[in-house]
Structure formats: C-alpha cells, structure tokens
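Coordinate inspection notes
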Amino acid sequence: MIKSIIVDNTHVMANSEDVRCKCICPPYRGIEGHIYKQNVSLKDCNCLHVVEPMPVDGKDVEAYCLRCECKYEERSSGTIKFTIIMYLSILGLLLLYMVYLTLLEPMLKRRLFGHSQLIQSDDDVVGDQQPFANAHNVLSRSHSRPNMLNKVEHAQQRWRRQVQEQRKSVFDRHVVLS
Amino acid sequence: MESEQLYHRGYCRNSYNSIASASSDEELLDGAGVIMDFHTTEDDNLLDGDAASPGSNYAMSNGGGAASSTTHLLDFLEEPIPGVGTYDDFHTIDWVREKCKDRERHRKVNSKKKESAWEFTKSLYDAWSGWLVVTLTGLASGALAGLIDIAADWMNDLKEGVCLSAMWFNHEQCCWTSNETTFAERDKCPQWKSWAELILGQAEGPGSYIMNYFMYIYWALSFAFLAVCLVKVFAPYACGSGIPEIKTILSGFIIRGYLGKWTLMIKTITLVLAVASGLSLGKEGPLVHVACCCGNIFSYLFPKYSKNEAKKREVLSAASAAGVSVAFGAPIGGVLFSLEEVSYYFPLKTLWRSFFAALVAAFVLRSINPFGNSRLVLFYVEYHTPWYLFELIPFILLGVFGGLWGAFFIRANIAWCRRRKSTRFGKYPVLEVILVAAITAVVAFPNPYTRQNTSELIKELFTDCGPLETSQLCKYRSQMNGSKAFTDDPNQPAEPGVYSAMWQLCLALIFKIIMTIFTFGLKVPSGLFIPSMAIGAIAGRIVGIAVEQLAYYHHDWFLFKEWCEVGADCITPGLYAMVGAAACLGGVTRMTVSLVVIVFELTGGLEYIVPLMAAVMTSKWVGDAFGREGIYEAHIRLNGYPFLDAKEEFTHTTLAREVMRPRRNDPPLAVLTQDDLTVEELQSVINETSYNGFPVIVSKESQRLVGFALRRDITIAIENARRKQEGILLNSRVYFTQHAPSLPADSPRPLKLRSILDMSPFTVTDHTPMEIVVDIFRKLGLRQCLVTHNGIVLGIITKKNILEHLEELKQHTEPLATSWYYHKKRHPPSHGANGKPRSRVHHVQLIRSFQDGWGRGGEGSDEEDEEEEVVCLLNGSNL
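Residues numbered from 1 in each chain as written. Chains lettered and ligands numbered in written order. Predicted model: local features only at pLDDT ≥ 70, side-chain atom pairs only at ≥ 80, totals over all residues. Heavy atoms only, no water.

Right, let's get into the sheet that holds strand β3 (residues 672-673) of chain B. Residue and element names in this part refer to chain B. With mixed pairing, four strands are arranged side by side in an open sheet as β3-β5-β6-β9. The two strands at the open ends of the sheet, each matched to only one other strand, are β3 and β9 (757-758). By the bridge criterion, five bridges tie strand β5 (residues 693-697) to strand β6 (residues 705-710) in an arrangement that is antiparallel. Looking across to β6, one finds that Val-696 is bridged to Gly-707. (Pairing = 2+ DSSP bridges. Helix = DSSP H or I, 4+ residues; strand = E, 2+ residues; numbered from the N terminus.)

Structure (structure tokens):
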C-alpha cells in the first residue's frame, strides 16, 4: 500500500492540476476582494505573478500586493482517488460479508442441517474452555498439519469463536470497554 | 473470562476420562521398560546438556516428533514444551520472568553467532529487529493516519453534497481550480452540488434547507449505524478510545485480540464512519490504538518480540508515540505522551525507538499530505503576536475552567458509563448509538459551528482574524466598509456579526459539553481529544473576544494603557482559544508536559510556552482538587482492569501478612510437593482450584519453598506428556527435582516437570510492610509474590490482591462498581461437580500458627541436594 502511495505521489507530481498558488486580496480602494488561483511553481507564488489582470495602476501595485496573501498548496489527487476508492471497496466487502454472516448463513445452515448443528456448535464453544482442553488447543495448534481447506475452515471457526467471546465480554457482561 | 469458564465442573470430569482412556495397559509395560533406560542415561545427558553451551536446548526444540528411540525420548524431555511460558487471556504477565527469558534468548543467539555465517546473519537480524519493527510500525501508522484523514474528510463532506466531476474529492478539493474570484462566491463552485441542488434542483430557499437538513441527518444516522454494526459483528474490541486498555496492556495485561488484525481493520474503517457521522468524538485516541495494532502485528515478524510479552510492550510504547505523532503532527509530543501517559516500563532504548517511530510516522503522513496544507493536522496555526503579562489572568481563568470541566466531565461520564455497565440500558448498544447520533445531527445542523467538522471548528477558532478571514467571528465593524485604508487593525468594536457568533458559540459550547459526556463510551471508536479541545477552544475564543472588546472600550485603563494603544494589535483571540483547548484537554486527561509540547508543536512558537504551562498546570491543580484521576484512570478503575498506577502513593502501614492469601478463615494454601504427587492428584488439584499458580514445597513435613509452577504450564505439560511420552499414567509420579525419586519397581514411569518450575520466585517475609511490597510490584512488574516465614511458605500475594487491598483502603472515598476480579472466583467453590463437599486431602494443610506468624522453629534438615543445583530460571523454556 505504501509503495503504491509513493508511486501515486510521483505520478501525480507531474500533474499540474495538483499545484496551485492561491492569492487572497482584500478589498482595496473600492475594488472588491478577489481570490486568484494559478498553476505556478513555488518560487513564482507571489502576488506579482499570480494576480492577473492587475486591478490597480502601476504605482498602486505595491500597496495592493502588500495586502494580498499568497499560499502555495499542493495535493495529490491520485492518492485521494486511490484512498477513497480503496476505502469504499473495503467497506463494501465488509458490508457484504456482514450481511452474509448475519442474515444468509444462519438461513442456509438452518435449511441444510436443521437445528441440531447449531446447538452442537454451541456446545463445542463451552467445552473448549476447560483447563485441559485449553492445553490441548495450545499443543494442537503447533502440531497438527491439516490440508489447506481445513486450515481455512479451522481459522475461520476460531476467529468466530473469538469474536463471539469478545462480543460477550463487551456487550453482555460489560467487563471490558464499557 | 476464560478462567470463569474453566470451572464448569461437568467438563472437568470429561477431561479425566480422556486422559485415563488414552493410556492403556500395554503402554504401561512399554513405559516401565523405558524407565530403566531413563534412569541410567538421564544424568549423563543432563550433565552434558549443562556442560555444553546454553543453546543446546534450543537446537533440540524441533526434535522429538516421533519418540521411537530412547535418545529421542530423552531429547524431548529437555525440549521446551510448546506453549509453556505463554499466558491465558485476561492474565497478567510477569515482567521479571519475561525479561529473564529475553536475556536467555539473547545469550543463546550471541553464543551461536560464531558458529556459521547463517547464524551470524540471524544474530544481526535479531539485533536490528528492534529498529526494523518500529520503522515498519511508523510507516504503517503514518499511512493509515493518512487514509483515515482523507477518507474522513471526504465522508464528512458527503453529508452536505457531492463532487460531480470527481466523486472522490471533498468540497475543498472539488473547488481546487474553480474560478470563483469574489469573496461572496468563494465557497461555491459549479462542480460541488449540495444534496438539495441535486434532488430539488434549487440551492436556496427553505425547501432546500429542509432537504439539506434531512440529508445531513440521514447520512449521519447511516454512518453511525454502519459503524456500530461493523464493530458489533466483526470486532467488538474496536470500540471506544482504546487508551485505557492500552495503558493496561502496557502495564502487563493480556487481552487477546485487542491488538489484532481484525481490530485494526475494523477500527480504521469505522473510525472514519464515526468521525464522519458528526458525533462529538475525535480520531486522535483511536489512532493510538491503530498504531499499537500495527506495532503488535509487525512484532509477529520478529521472534524476539512475538514470543516475549515484555519486549512486545516496548514496541507498543513506541507505537503509541507514533500514534500521537500522526494524530497531532507532534513527534516529540508523541514520545512524551507515551512516556507520561501510557507507558509503564520505559527504558531509554524505548525512548529512542519511540522517537524514531514517531518521526517516521510523521514523515510518511507529511508526504501523503492529507489536508493539502503541507501540515500534519488541519488546525495548525502560526502566531507572531506577543502576549502581555496581564493576559496571564485570563489564561489562568481558562485553566480554572479547564480543570472544572475536566472534573465535571470525568464524574458525569463515569456515572453514565457505570449506568450503561450495570443496568439493562447497556443491552442496546446499537440503539444507543443511533439515538445519540440522531440527537447530535438534529441539534447540530442549525448552528454553523456545530454543523461543521470539529477539527475545522477548532481551526477556525484558532485562526487569528486577519484581513482575509471571512468567518462570522471576524465580522468587525471596520471591515465592512472596505474603503478604509487601515483595515489591518483587528482591535475593532464588535459588530452584530460577532455578537451573533458569540451566541452561537455559547450554544455550541453547551451542546458540545452535553453531547461529549454521552458520546464517550459509545460502542464506536471514539476519541476524547478533539471534543475536549473544541470545548476549550470555544470557551477560550469567547474569553478572548471579551478581553479584546474590553481593551478596545477601556484602553485608557491603567492595565491596557501601557501596552495597548489605540489601533494597536494587542489581543489575539486565537491564542486564547488555543490556551483554552490545552487547559480543557489537561483537565480531562491530567497530562501536563506532553500536552504543552503537543500544543507547542502545533503552533511552532516557543513564546507561548508560559501561557500554556500556566493554564495547563492550573487546570491540573483545579482538577486534582476534585479527584485525582484522569479520565483514563477513571475508566480503568470503572472496568476494574488490574492496573497498578505508578503515580499513586501507598501510605498505609499494613503488612504483607495481612494482604496475603489465604486469609485467616480461608482454606489453606494449595501447594504442590516436589516429588510425591501423582499425575492424578496434580490434575485434581488443578481442577478443583482456580489459582493460576502453585508454590512447590519440599514435602508436607518440611514445607520449605522450592519454586513456583503456573497452572497453565502444568496443564500444558501434562497434556504434552500424555501425548508424547509413553507410560505416563494417572498414577505416575510427578517430580520437580533434578533426579527422579526412588520408586517401587512396578510403578509407572515418573513425569519430570522441572522445566516448567520457576526456581526463583519472588519472596518476601510475612512482616514486610506493604509499602515495600507495592513498590516491588510496581517497579519490577511482578505477577505474584510468595510470603514466607523462616523459609516456609505461608501464602501468596498477587497483583490483584494488591489492587483489592488498595481498593479496600480507598473505600472511604467512593466505592466503584465491583471490578471484575470480584467476579472471578478467587476462592474455588467449596462444592465439587457432584455437589459433594470437595476433599482437600492433596493439599498441604498449613498449620494455623504459621499464618499467625508463629514460626515452628527449626524445621529439620531436609534441604537435600538443592543447593548444588544450578538454579536456572525456567530452564529450557525458549518460547
């Protein structure tokens, strides 16, 4: 991710749209306040280069320009675009997964296995909390070598159990983070 | 948590059966055969092992998969058992043990360095891993902070409208190149469409106002709803600010999953949603949590850190510095924050690494440039105007306000959180978030100061009124007639614009105060820094404008006469806002030095140190007068985390004897004897008690201390032996000594558990004052400490006993809700699973007189050959 940001950065630096010099000039002798924006480099970012056309005559230019405040600003639109799109896509994926977990999966499970499966899995959760099974868990983690699919399944199952445990302690028992 | 469930009696019985059924009679015979070999060869092997480099155990660690031959069997006897030396969830780590482990590991790596080039590379990697991990943490937290900043800005503007030409730009970026040149149109550009324009087709009028109002509430509610749903479904630990928990974790507590991948992802994603939903919360506190998650995840790449909880906490200290560094653009402030507020153990090495991590993180964020102002924070300001001595009075008044606000906020918020914790009201977290978000959105929209992003509000309040400012706050009379030549003078009579701004600010202040109390503690990621600063900034700005007007109308007062001439620029309301922000933050968090440095880095001017320090110190004093703890300590106490605050002083005169367990009327201390327990007896001790560790004594007769064995290690070791060593039966003898006890010939093979025995447990005598014990616990980070009398174990003091004791002594102040260590069964229920009273025959029944401090005199000369053994803490546990 970092690499891509840097790549974006260098790519975007070339983009002249991402640099601006913004001069804000306050009202002066009947002339309305104005905001000027120009694509100029940092060293050219002053009133003389940016304010065009100059609203005052030659002798007043200096007085007018003294009041103007020029700020050089740069951004990287590529980074912004990349960030927002990435953020939205992750958010979207998470939402889809959330909908799947909360709505679809229980429905599918109920249709496929009936209620017995659900009850059994609840039993497993409790059974794992006893002292020796706990040790069993720790040991089996380092020694069993199941195939890939089992592993994924197992990891997912474990993650779910963790989240359930977290949910219980945060929302039901209120022992942490209240 | 887990330990609460450890006591479902019904299941304990099952585990017996499983162990019993696993070993059959055939194995018994095999096992007996092995024992003979075992006896003859063990000593040599041990001697060899000791004589060789200390690294010999390490090399064997991948050995004993198949225990077919005798040599293999011996190998894995000395091989570290996987999982030993790790901790259960919600347990406290033992800093001393962890540091010992690290030294041992370091010695091993060093001694192997010269063996081969590969080993040398490994040692180099090991030496550099500390710097590598903080670099990676800094990079990741900087990048994530950039992501959060950009996405939160965009989402926040999404409540008002959308950029048609490029969907991913926020309002400011959308109008980047537009040519609206006059002041009146500066915020209007054709690409940016408000929702009313898009839906109704008109930008002005009451219809569009209502439409915008409606869309604002709609987006706020949907963001808040999404945030709380994601938190609830994927990572409940991602809610809250996270700083109290990180403080507790850094002090040596284990909360599994609190700094994990899912927590990181969900916290990052939902933080953006929560900030954008307009709730009165900030992203600064959660950023510390995000950075700590990064630190924890990266520490898994380096065995030095992943396997040692104490070392991991050094990385986390550095990570929290990086978090504050990106939150405020203040690397030094971040390091000081880590030192002053969150860290527990902060050696110089960590200081350097924290600084490095903070710099890397700040640099990454700076190159992402999320705000387009080449700064790390939105509300960066630069003042050049001086301040005058007289102004210290309003600054100190602001400090008083900050202290009062802090004390009030802590009281009110804790009361509300306790209500949430203890009553049924806490059962509806989603509903609560929705409700608070709805109220916030409905009330916030009509007031321009609450409608905008809180960071932007702070920026506006901090910014001084120049000739270029268009905000309501700067609508002074002179600026309206532009023909006047001297428009630079900000000390002008206020005009209706400023007065209406004052009203709005006052309303915003009240609104923020009320909403922040109810928002902090919601089940979404919510920080406290920004709302506190906003409240302080509003109050400060109001005071600043008041003083300014006072100086304008009464410039002939002796106070103003000397330095505030007519037309001179003598009062800077923005500075007052900044001082007020610092004071309020100081009142809430009770930070001093780090806060001043953070604000100093925000302004980049040394000259405001004195006003800031005056206000912050005043607010701390005033706040401390109402209650000594800051919001984070208050939340730690509310949740009952085992956190031993190093700032508090212990001034009571109790003795170790009065605090230790067992107490007078309790059942005697559960202890293990070093060589005459069987596996079955050991298991029953473990199943029938809930203690997390057991002192090991010489024998029932002598009761002298040998060492300390942790419950988790014992269970793991027994389970491991049951799987891998043949011939371990329920009636096998368990021994903790160097040599197996002499057994009858027909008995099954004994089980050696010496490798899990902590041979150097910390002990104090029963007459040690608690003052010293508390100091030992704080400074060394102990988990437990044994109490002895004449070398005989009397009892044990754990960190939680000390916390309970402190709480008891504090009772006269204010009783807090029962903390969780009251929920845990410290004393095991006196009835077993079958309802019968439990037998305690396997425990050594300590004679009552011991606990009363009466020694039993010369206890006999059972020392055996203990002295000649090399005392090696946790020998062989490389994990």
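This part covers helix α34 (residues 799-810) of chain B. At 3.6 residues per turn, the α-helix brings residues three or four places apart onto the same side. All names here are of chain B. Its twelve residues place the ends of α34 16 Å apart at the C-alpha level, agreeing with the 16 Å of an ideal helix rising 1.5 Å per residue. Counting buried residues along α34, nine of its twelve residues qualify, which places the element largely inside the surrounding structure. Those residues of α34 lying buried are Lys-799, Lys-800, Asn-801, Ile-802, Leu-803, Glu-804, His-805, Leu-806 and Glu-807. (Expected span 1.5 Å × (residues − 1). Buried < 20%, exposed > 50% of the residue type's maximum accessible area, 1.4 Å probe, protein only.)

Turning our attention to the pairing of strand β1 (residues 19-25) of chain A. Residue and element names in this part refer to chain A. Counting buried positions along β1 gives seven out of seven residues, so the element sits mostly inside the fold. The side-chain alternation of β1 yields two buried faces, one formed by Val-19, Cys-21, Cys-23 and Cys-25 and the other by Arg-20, Lys-22 and Ile-24. As judged from the six bridges shared by β1 and strand β3 (residues 69-74), these two strands associate in the antiparallel manner. By the bridge assignment, Lys-22 is partnered in β3 with Lys-71.

Let's shift gears to the pattern of salt bridges. Within this structure, the stated rule accounts for 29 salt bridges over all chains. A salt bridge links A:Glu73 to A:Arg20; the nearest nitrogen and oxygen atoms lie 2.7 Å apart. Remark: A:Arg20 occurs in strand β1 and A:Glu73 occurs in strand β3; sequence separation between them is 53 residues. In terms of burial, A:Glu73 and A:Arg20 fall into one category: buried. The partner of B:Glu341 in a salt bridge is B:Lys247, and the shortest N-O contact between them spans 3.6 Å. Of this pair, B:Glu341 sits in helix α16 (residues 331-342) while B:Lys247 sits in helix α11 (residues 243-250), and the two are 94 residues apart along the sequence. Of the two residues examined, B:Glu341 and B:Lys247, each falls in the buried class. (Salt bridge = Lys/Arg side-chain N within 4 Å of Asp/Glu carboxyl O.)

Given two aromatic rings, their pairing is described by the distance between the two centres and the angle made by the two planes. A full pass over the atoms with the stated rule returns 29 aromatic pairs over all chains. Taking 6.2 Å as the distance between ring centres and 50° as the angle between the ring planes, the aromatic pair formed by B:Phe90 and B:Phe253 counts as tilted. A residue pair is termed long-range when its members are at least 10 positions apart, and B:Phe90 in the loop between α5 (70-78) and α6 (95-112) and B:Phe253 in the loop between α11 and α12 (261-276) qualify at 163 residues. The pair B:Phe90 / B:Phe253 is uniform in exposure class, with both members buried. Taken together, A:Tyr97, A:Tyr100, A:Trp159, B:Phe234 and B:Trp262 form an aromatic cluster joined through their ring pairs. The lysine or arginine in question, B:Lys799, covers the ring of B:Tyr344, its NZ or CZ lying 5.8 Å from the ring centre. (Phe/Tyr/Trp six-rings, centres within 6.5 Å; stacked < 30°, edge-to-face > 60°. Lys NZ or Arg CZ within 6 Å of the ring centre and 35° of its normal.)

Turning next to the sheet that holds strand β10 (residues 763-765) of chain B. All names here are of chain B. The three strands are arranged β10-β11-β12 in an open sheet whose pairing can be described as mixed. Looking at the sheet topology across the chains shown, the edges are occupied by β10 and β12 (792-798). The mean angle between the axes of side-by-side strands here comes to 35°, regardless of whether they run parallel or antiparallel. Taken together, the three bridges between β10 and strand β11 (residues 784-789) define a ladder with parallel strand orientation. The partner of Thr-763 across the bridge, within β11, is Leu-786. (Axes fitted to C-alpha atoms, helices over the stretch in contact; angles between N-to-C directions.)

Looking now at unusual backbone geometry. Residue and element names in this part refer to chain B. The omega angle of the peptide bond from Arg-661 to Pro-662 is 0°, so this bond is cis rather than trans. Note on placement: Pro-662 falls in the loop between α30 (656-659) and β3. Positive phi values are uncommon outside glycine, yet Phe-90 reaches one of about 60°. Here the phi dihedral of Asn-790 falls at roughly 55°; this positive angle occurs in a residue that is not glycine. Tracing the chain through its elements places Asn-790 in the loop between β11 and β12. When its relative accessible area of 46% is taken as the criterion, Asn-790 is described as partly exposed.

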